[in-house]
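Here are the chains, one letter per residue:
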Amino acid sequence: MKAARLHAVETPLSIDEVPIPQPGPGEVLLQVKACGVCTSDRYVIKGRRPLKIYPHTLGHEVTGVVASVGDDVAEFRPGDRVFINPMVSCGRCEWCLDGQDNLCAQGRLIGLDDGMVGGYAEYMSLPAKNVHRLPDNVTFEQGVIITSILATGFHAVRKIGVDAGDTVAVFGVGAIGCCVVQSAKAHGATRVIAVDLSDSKLERARPYGADEGINASLVDPVAEIMARTSGRGVDVAFDVAGEKATIEGAIGSLRRGGRAALVGCTFTPVHLDFEDYFRGVACKEVTMSTIFAYQAREFPLMVELLRAGKIDLSLYSAITFPLAEVNAALEASERETEAVRIILTP
Ligand SMILES: [Zn+2]
Ligand SMILES: [Zn+2]
């Protein structure tokens, strides 16, 4: 079979002929149908996520068809359409036993960590517990969105808790922000206010379920949210940009007793300023949570929402490349906007 492999940092991937892997006990062999090209893949190539073992096969956002199963695998059969959860956790530590496998210190990511062979290939083998059935109404290309962006937005909503009737603000409506909007709506949010820096981004968030938009380049979003909620503030706010202004905005726009999820990431220091910390934050007794990745137990829940049409992945546009054009796909992923997914179709 063909696999696109990285042989050294900062070199183009090469298309290598390698043996089709054999699924071991408890494993499933997939024929890869679609594999997302991700920013973290480029980090591996550039050496920002260093590896020790080469050659390495990237690819952690994978959908495909079950080709064969190893011993002890009863839940899948050849021909099943599936997607993967790339996080392989230990299953034994206190976090795994508590369902918080995203916090497992031994957790390793398929396609990103040493020796974890990914989906930039015609076939891949992985533990059956990391494989989920793709609903019939989700295409292979759309299924890539589940692990690439939906899972993070969905986990944020589950972790912080969105209840029926809640008013929600989402600061930053790129691809993950739009998944937060969709997931919040699927959990019963009545009113979702999108906040971003351009009218076009705010418009783009509407089909995902954003009811209103606030252009933060024109108005102070916190004052605007307070005005639009009669001075009350929102029940739940999400920062999906990881910037000082968006984190402060999310916390500042909460009602008394509100909840803020900090989804955005940054590698630069963040210093927060609250002019009136006492009245603006402390007296409100707000709950805040950082958000990291997603949990295995959330995938069956996402599948049910997808099957029921409560979350619609057809809204996300994608550009596909054959495996042979993997280097062009990687280049394109650097250029394209966040809302567009670059997908390899081996
Ligand atoms: Zn990714
Ligand atoms: Zn663990």
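Our subject in this report is the structure included herewith. Since this is a predicted model, take the numbers as computed values, not measurements. (Residues numbered from 1 in each chain as written. Chains lettered and ligands numbered in written order. Predicted model: local features only at pLDDT ≥ 70, side-chain atom pairs only at ≥ 80, totals over all residues. Heavy atoms only, no water.)

Regarding the overall build of the chain
The secondary structure content of the chain amounts to 10 helices and 18 strands. What you see for the chain is a C-alpha radius of gyration of 21 Å, in line with the 20 Å of a compact globule of 346 residues. Once the C-alpha set of the chain is aligned to its principal axes, its extents read approximately 65 × 40 × 35 Å. The contacts in the chain between residues at least 6 apart in sequence include a share of 70% that link residues at least 24 apart. (Helix = DSSP H or I, 4+ residues; strand = E, 2+ residues; numbered from the N terminus. Rg over C-alpha atoms; globule rule 2.2 N^0.38 Å. Contact = heavy atoms within 4.5 Å.)

So, the coordination of the zinc ion (ligand 1)
Of the protein atoms, only Cys38 (SG), His60 (NE2) and Glu61 (OE) coordinate the zinc ion (ligand 1), at distances of 2.1 to 2.3 Å. For the zinc ion (ligand 1), the single-chain donor residues occur in sequence as C-x21-H-E. A residue pair is termed long-range when its members are at least 10 positions apart, and Cys38 in the loop between strand 3 (27–37) and helix 1 (39–46) and His60 in the loop between strand 4 (56–57) and strand 5 (62–69) qualify at 22 residues. Given a relative accessible area of 11%, Cys38 falls into the buried group. (Donors = N, O, S within 2.8 Å, 3.2 Å for Na, K, Ca; no water. Buried < 20%, exposed > 50% of the residue type's maximum accessible area, 1.4 Å probe, protein only.)

Section: a nonpolar patch on the surface
Together, Trp95, Leu103 and Phe292 make up a nonpolar patch on the protein surface, roughly 300 Å² of accessible area in all. Considering the arrangement of structural elements, one finds Trp95 in helix 2 (residues 94–97). On the basis of relative accessible area, Trp95 is assigned to the partly exposed category, the value being 36%. (Patch = residues over 30% accessible without salt bridge, like charges linked within 9 Å, V, L, I, M, F, W, Y side chains within 5 Å. Areas by Shrake-Rupley, 256 points an atom, 1.4 Å probe, with all protein chains shown as cover. Salt bridge = Lys/Arg side-chain N within 4 Å of Asp/Glu carboxyl O.)

Points about the coordination of the zinc ion (ligand 2)
For the zinc ion (ligand 2), every protein donor is listed as Cys90 (SG), Cys93 (SG), Cys96 (SG) and Cys104 (SG), and the spread of their distances is 2.3 to 2.4 Å. Coordination at the zinc ion (ligand 2) is tetrahedral, judged from the four donor atoms that bind it and the angles of 104 to 116° they form at the metal. Ordering the donors of the zinc ion (ligand 2) by residue number gives the pattern C-x2-C-x2-C-x7-C. Note on accessibility: Cys90 and Cys96 belong to one class, buried. (Tetrahedral: all angles 85-135°; square planar, octahedral: opposite > 155°, others 65-115°.)

Quick word on the pairing of strand 18 (residues 340–344)
With five of its five residues buried, strand 18 lies for the most part within the structure. Alternating positions in strand 18 separate into two faces, Val340, Ile342 and Leu344 on one and Arg341 and Ile343 on the other, with burial throughout. Where strand 3 meets strand 18, three bridges bridge the pair, whose relative direction is antiparallel. Counterpart to Gly36 in the pairing with strand 18 is Ile343. Pairing between strand 17 (residues 317–321) and strand 18: five bridges, direction parallel. When the bridges of strand 18 are listed, Ser317 appears paired with Val340. (Pairing = 2+ DSSP bridges.)

Description of the packing of aromatic side chains
Under the defined criterion, the tally for this structure stands at four aromatic pairs. Aromatic side chains Phe83 and Phe299 sit 6.0 Å apart centroid to centroid with 45° between the ring planes, which places their arrangement in the tilted category. Here Phe299 lies in helix 9 (residues 298–307) and Phe83 lies in strand 6 (residues 81–84), a separation of 216 residues in the sequence. Residue Phe83 shares its accessibility class with Phe299, and that shared class is buried. Geometrically, the ring pair formed by Phe274 and Tyr277 is tilted, given 6.4 Å between the ring centres and 55° between the ring planes. Ring-pair connections join several aromatic residues into one group, and the members of that group are Phe83, Tyr294 and Phe299. (Phe/Tyr/Trp six-rings, centres within 6.5 Å; stacked < 30°, edge-to-face > 60°.)

Some thoughts on the sheet that holds strand 12 (residues 191–196)
Here we have six strands laid out as an open sheet, ordered 13-12-11-14-15-16, and parallel in their pairing. Edge positions in the sheet fall to strand 13 (212–215) and strand 16 (287–290), since each of these pairs with one other strand and no more. Here the average twist between neighbouring strands, direction ignored, is 15°. In this sheet, strand 13 lies alongside strand 12 in parallel orientation, the contact comprising four bridges. In the sheet register, Asp196 faces strand 13, and the bridge partner there is Asn215. (Axes fitted to C-alpha atoms, helices over the stretch in contact; angles between N-to-C directions.)

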